[in-house]
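# Understanding the architecture of this molecule
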Amino acid sequence: MGPSALWEFDRGFGVPLCGLDEAGRGPLAGPVYAACVILKPGAEIPGLNDSKKLTEKRREAVFEDILGNGKAWFGIGSASPEEIDRINILQATFLAMNRAYAMMLAGEGVPEEFLPRLALVDGNRDPGLPLETRTVVKGDGSSAAIAAASVLAKVSRDRCMMELDTLYPQYRLAQHKGYPTRLHYQLLEQYGVSPIHRRSFLRNLEQHRQTAAQQAGRAGEEYTAGWLARQGYTVLERNWRCRWGEVDIIAQKGQTAAFVEVKTRAPGAMTGPLEAVDRKKRERLLKTAGAWLSAAGGELQPRMDVAAVTVTEEQGRELISAFDYYESAFEKE
């Protein structure tokens, strides 16, 4: 929907109205924000659109245009992490919206003729405002007032997270704004939960830790299998299991059968890949290799190898940032 259509959508209701939207329902840390906006008649806001469709620089420009040039009556409200944990994120979002509405009315005096008779709220849930309310799915891309509210809420929350970053620099909030990225989870593992984290959002921390490790492990094994193929090996087995344990990759080149343990690491890991394959792990791998050789028959010569893969995350994708391969990392007995 084009910019002019946003304004036409609002005018189509034929009554004074306000738009409301929120920012920050999904993050693990920080408050949830909401904004309530009445756009002044005749106001022109170049580039106004759903905040998610604007670059950070453009959002900041639209934010300053709305506030700095007095193009709206507005209120911005929030609900704290403690409130989110106590009443849940949905009810906290409603609380922030009601606070934003109250702040708008308490602000620079909305003239009586522009007092809203209708509230347009992004989404499909009524926040319980004290006036007639219409929910609008994807309203931030349909309504000018909701779009303006989405920009005010988003920029306000981002600025809040930048301030919190100075208080809690170890969590790198300026980078991820509190959202559940792999980096954020890794920093939570390292530093624990802070007063600004939503504890109710962290109940699945162990589950996420396991899922993230599994994803990184699969990425490391895929890369190692591809590397072996490029070196002239034929990959015979992936994740071969027996009563003794599991071998990540079994590959053949000539008369050599390489039993490869893939160790996936995050950047900056302190433990070396060979140290990570401790004595008990080596014993299990050696027995597993023996079981495979007995089942396969033939005259293949075994070799126990270790691949070290450093996996980083970028925009939700696993990327290989370092790779080392150790032949004959330990001996087959």
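On to the overall build of the chain. Along the chain, the regular secondary structure elements total ten helices and ten strands. Computed over C-alpha atoms, the radius of gyration of the chain comes to 28 Å, more than 25% over the 20 Å expected from 2.2 N^0.38 for 333 residues, which places it beyond the range of a compact globule. In terms of its C-alpha atoms, the chain occupies a principal-axis envelope of roughly 90 × 40 × 30 Å. Going through the 333 residues of the chain one by one, you find that 47% of them count as buried. Across the chain, contacts joining residues at least 24 apart in sequence account for 64% of those joining residues at least 6 apart. For the chain, the centre of its 42 positive side-chain charges and the centre of its 43 negative side-chain charges are spaced 3 Å apart.

Two strands in a sheet stick together by hydrogen bonds in their backbones, pointing the same way (parallel) or opposite ways (antiparallel). Strand order in this open sheet of five strands is 3-2-1-4-5, and the pairing throughout is mixed. The sheet is open, and its two borders are formed by strand 3 (72-79) and strand 5 (133-136), each paired with just one other strand. Shown here is a sheet whose adjacent strand axes are inclined to one another by a mean of 20°, direction ignored. Strand direction decides the pairing type here: strand 2 (residues 32-39) and strand 3, joined by eight bridges, are antiparallel. Looking at the pairing, Y33 lines up with S78 of strand 3. Against the sheet, helix 4 (residues 89-106) makes contact with strand 1 (17-23), strand 2, strand 3 and strand 4 (118-122), and its axis sits at roughly 145° relative to strand 3, the strand it touches most.

A few words on the packing of aromatic side chains. Inspection of the entire model under this criterion finds seven aromatic pairs. Here the aromatic cluster, defined as three or more aromatic residues joined through ring pairs, consists of Y223, W227, F323 and Y325. The ring of W244 has R243 sitting right over it, with the charged end atom 4.4 Å from the ring centre.

To continue, consider the environment of D122. Secondary-structure assignment places D122 in strand 4. Distance from D122 to S143, taken between C-alpha atoms, is 9.0 Å for residues 21 residues apart in sequence. Beyond its immediate sequence surroundings of up to four residues, D122 is in contact with L20, D21, V136, K138, G139, D140 and I146. One polar contact links the side chain of D122 to the main-chain amide nitrogen of D140, over a distance of 3.2 Å.

Parameters at a glance
- Residues numbered from 1 in each chain as written.
- Predicted model: local features only at pLDDT ≥ 70, side-chain atom pairs only at ≥ 80, totals over all residues.
- Heavy atoms only, no water.
- Helix = DSSP H or I, 4+ residues; strand = E, 2+ residues; numbered from the N terminus.
- Rg over C-alpha atoms; globule rule 2.2 N^0.38 Å.
- Buried < 20%, exposed > 50% of the residue type's maximum accessible area, 1.4 Å probe, protein only.
- Contact = heavy atoms within 4.5 Å.
- Lys, Arg positive; Asp, Glu negative; His and termini not counted.
- Charge placed at Lys NZ, Arg CZ, Asp CG, Glu CD.
- Pairing = 2+ DSSP bridges.
- Axes fitted to C-alpha atoms, helices over the stretch in contact; angles between N-to-C directions.
- Phe/Tyr/Trp six-rings, centres within 6.5 Å; stacked < 30°, edge-to-face > 60°.
- Lys NZ or Arg CZ within 6 Å of the ring centre and 35° of its normal.
- Polar contact = N/O pair within 3.5 Å; in protein donor to acceptor, adjacent residues only side chain to side chain.

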